[in-house]
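Structure assessment
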Amino acid sequence: MRWSFHSDRVSNSAFEVSPSRRANLPKPSRNEHLADAGGEACSTSVSHTDHFPHVATACSSGQSSSVACGTTVYHKRLRGIWRRGGIWQFRVRVPADLVAVIGKSHINRTLGTAAYPDALSRCRTVALEVTDWFEALRAGGSTSFRPSTALPSTQAPRRPMSDQHRITLAEAWDRYLTDPSSTRTHKTTLAYETVRNVVVSVLGAETLVADVGRQDCRRVLDTLRHLPPNYGKKWPDMTPPAIAAMAVRDGLRPMAAANCNGYMTRWAGMMNWLVKEELADRNPCVGLRVADPVPVRDKRRPFSTGQLQRIFTGPPFEALRNPTTTRFNPPCPSRFYVPLIALFSGLRQNEICQQTTDDIADIDGVPCFIVKSDPTCGKRVKTASSERVVPVHPALVRAGLLDHHRKRCSSGGSRMWPDLALDRFGYASAYFSKWFARYLAQAGAKLDRTSFHSFRHCFRDSLRAGGVERELAFALGGWSGSRSGTVSIGDLYGSGYPIAALQDAISRVSYDVDALRPLLGESSSSTPDSCATSD
């Protein structure tokens, strides 16, 4: 047994209590404080359980009585109790004469609790059951361990749900979507309405939430994994179960696993809300997902050198074909600048398309993109970490982006790209996204798992190649470093990177693409033609 001291004068020290001294020590009770013989302000704090020998001694710091001193005794846990994932387990060795009969050397059983005092209480029950089982085996009993008694419950009995709280699925969805404590965009609300339509069509609108079980959730999942993409647009008069049955019969390609799991995530979110509101006592669909055969890293891939060459030699980039061009006046500024901004600054498609003239400003003498959310003019960001400042790359300055910005400011217009129409949800990127998908195919640059978002992957690879440290790269790209997109407490400390550091990092972004050499201040060489060329 070891003693640990913690005080202003004594810390991180320990000594062994000798057996002769241990015998003369008083036996303390739980959390008892013993007066110190050397000073009135010195006390000993003892923590222990009733399952072990108890020892305590007075502590003297040798200082004046104004110095507070505390001593804590740490006891060794009972053998056979251990934790797995925060839950206590009971493990016992099988007697030697029964190892051959049972076929294992140890027996393990979960105690079903994360609280150590509760685990001690339950451990007695399990130990008794295992001992009785060993005796039964010696008498020729069954080799299967079947607990004869339930573990003692340490939780208060669940309050029965009143009749007024036994709501139907349709009513549950209505309450969830109209909850005033949540804010959702119109597009997000429609996504939840789509999930609601599937769940209700499979299980029934009048089905009580309390009657929904795990197998019912699997029925919904089975329907989802057979639904084709855009099923609502293609077959608006059919129900999701009927469409799924038709798709199975006709061998139609189902929606991607990620989309299917997105449906289940939204449904699980609604059920979690019901549990919090005490309108349901459990969430039966938690954890139900379709196995995704595509690893997360391969969902989107960067454009290869050949793809970039084909993209930037197409009609929208006619001005880039003349290396002597000093000023660029593209006929369609959005189609010319938006891909270049994504490639050299790493901004997301909607972050660029929704830009207003005040999103480009000088900071410490450096022109910068200011990515921010502004509900008053419909500007959105993906996550909290997406709000950031990104210096304008020198290649974009050479491409005439700042000239275009000055023209927009002098014209009195607020939007940087007024030619991009807004869709019904207020997104400026919707129609541009469709145009760019068509343009990739027309330019011969369309390959599997590449899209406009591949520019961000190219940007990240270029930062790596330039030796930009990870945290600085994340600051430029608006990545949070976590899958949930949340910002850690450490990210909130300090004022962030200085503009000079961000400018130095962004200037390291470069691409070995012949079509882009005029923007990089380099002379043109040969023109690669293969889309398969990669860095």
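Structure: above.
Structure report, in brief. (Residues numbered from 1 in each chain as written. Predicted model: local features only at pLDDT ≥ 70, side-chain atom pairs only at ≥ 80, totals over all residues. Heavy atoms only, no water.)

1. Quick look at a positive patch on the surface
On the surface, Lys233, Arg335, Arg424, Lys434 and Arg438 cluster together to form a positively charged patch. One can find Lys434 in helix α15 (residues 430-442). (Patch = residues over 30% accessible without salt bridge, like charges linked within 9 Å, V, L, I, M, F, W, Y side chains within 5 Å. Areas by Shrake-Rupley, 256 points an atom, 1.4 Å probe, with all protein chains shown as cover. Salt bridge = Lys/Arg side-chain N within 4 Å of Asp/Glu carboxyl O. Lys, Arg positive; Asp, Glu negative; His and termini not counted. Charge placed at Lys NZ, Arg CZ, Asp CG, Glu CD. Helix = DSSP H or I, 4+ residues; strand = E, 2+ residues; numbered from the N terminus.)

2. So, the sheet that holds strand β10 (residues 366-371)
Read across the open sheet, the 3 strands follow the order β9-β10-β11; overall the sheet is antiparallel. Only two strands of the sheet have a single neighbouring strand rather than two, namely β9 (360-363) and β11 (388-391). Neighbour-to-neighbour, the strand axes of this sheet turn through a mean angle of 45°, independent of strand direction. Judged from the 4 bridges that link them, β10 and β11 form a sheet pairing that is antiparallel. Bridge pairing in β11 places Cys368 opposite Pro391. (Pairing = 2+ DSSP bridges. Axes fitted to C-alpha atoms, helices over the stretch in contact; angles between N-to-C directions.)

3. Things to note about the packing of helix α5 (residues 186-203) against helix α6 (residues 214-224)
Interaxial distance between α5 and α6 falls to 10 Å at its minimum, and their mutual angle equals 120°. Relative to α6, the element α5 is oriented oblique. Read as a crossing pair, α5 and α6 show a hand that is right-handed. Contacts between α5 and α6 pair Val198, Val199, Val202 and Leu203 from the former with Asp216, Arg219, Val220, Thr223 and Leu224 from the latter. Its residues assigned to classes, the contact of α5 with α6 comprises 6 nonpolar, 1 polar and 2 charged. (Parallel < 35°, antiparallel > 145°, perpendicular 65-115°, else oblique. Left-handed = near helix turned anticlockwise from the far one by under 90°. Contact = heavy atoms within 4.5 Å. Nonpolar A, V, L, I, M, F, W, Y, C, P; charged D, E, K, R; others polar.)

4. What about the nonpolar core?
Counting 61 residues, the largest nonpolar core has Phe312, Leu340, Phe344, Phe455 and Tyr511 as its most contacted members. The dominant element in this core, judged by the number of residues it contributes, is helix α11 (residues 333-345), at 8 residues. Filtering out sequence-adjacent residues up to four positions away, Leu340 remains in contact with Phe312, Phe317, Leu396, Ala399, Leu516 and Leu519. Counting residues in hydrophobic clusters, the runner-up holds 38 residues, among them Val209, Ile243, Ala268 and Met270. (Core = buried A, V, L, I, M, F, W, Y, C linked by side-chain atoms within 4.5 Å. Buried < 20%, exposed > 50% of the residue type's maximum accessible area, 1.4 Å probe, protein only.)

5. What to know about the packing of aromatic side chains
Evaluation of the coordinates by the stated rule reveals 23 aromatic pairs. When the centroid spacing of 6.5 Å and the interplanar angle of 15° are considered together, the rings of Phe432 and Phe436 count as stacked. Within this pair, Phe432 and its partner Phe436 are both found in helix α15, separated by 4 residues, close to a single helical turn. For the ring pair Phe436 and Phe452, a centre distance of 5.2 Å and an interplane angle of 80° mean the geometry is edge-to-face. Taken as a pair, Phe436 in helix α15 and Phe452 in the loop between α15 and α16 (454-465) lie far apart in primary sequence, 16 residues in all. (Phe/Tyr/Trp six-rings, centres within 6.5 Å; stacked < 30°, edge-to-face > 60°.)

6. With respect to the sheet that holds strand β8 (residues 106-110)
The antiparallel open sheet is built from 3 strands, whose spatial order is β6-β7-β8. Both outer strands of the open sheet, β6 (81-84) and β8, are each paired with one neighbouring strand and no more. Going from strand to strand, the sheet's axes swing by 35° on average, the running direction of each strand aside. The pairing of β6 with strand β7 (residues 87-93) spans 4 bridges and is classified as antiparallel. Bridge pairing in β7 links Ile81 to Phe90. Relative to the sheet, helix α3 (residues 116-138) contacts β6, β7 and β8, its axis offset from that of β7 by approximately 30°.

7. Description of unusual backbone geometry
For Asn230, which is not glycine, the phi torsion reads 55° and is therefore positive. Relative to the assigned elements, Asn230 resides in the loop between α6 and α7 (231-234). Even without a glycine there, the phi angle at Arg449 is positive, about 65°. In this fold, Arg449 is placed in the loop between α15 and α16. Among the residues examined, Arg449 registers a relative accessible area of 32% and is labelled partly exposed.

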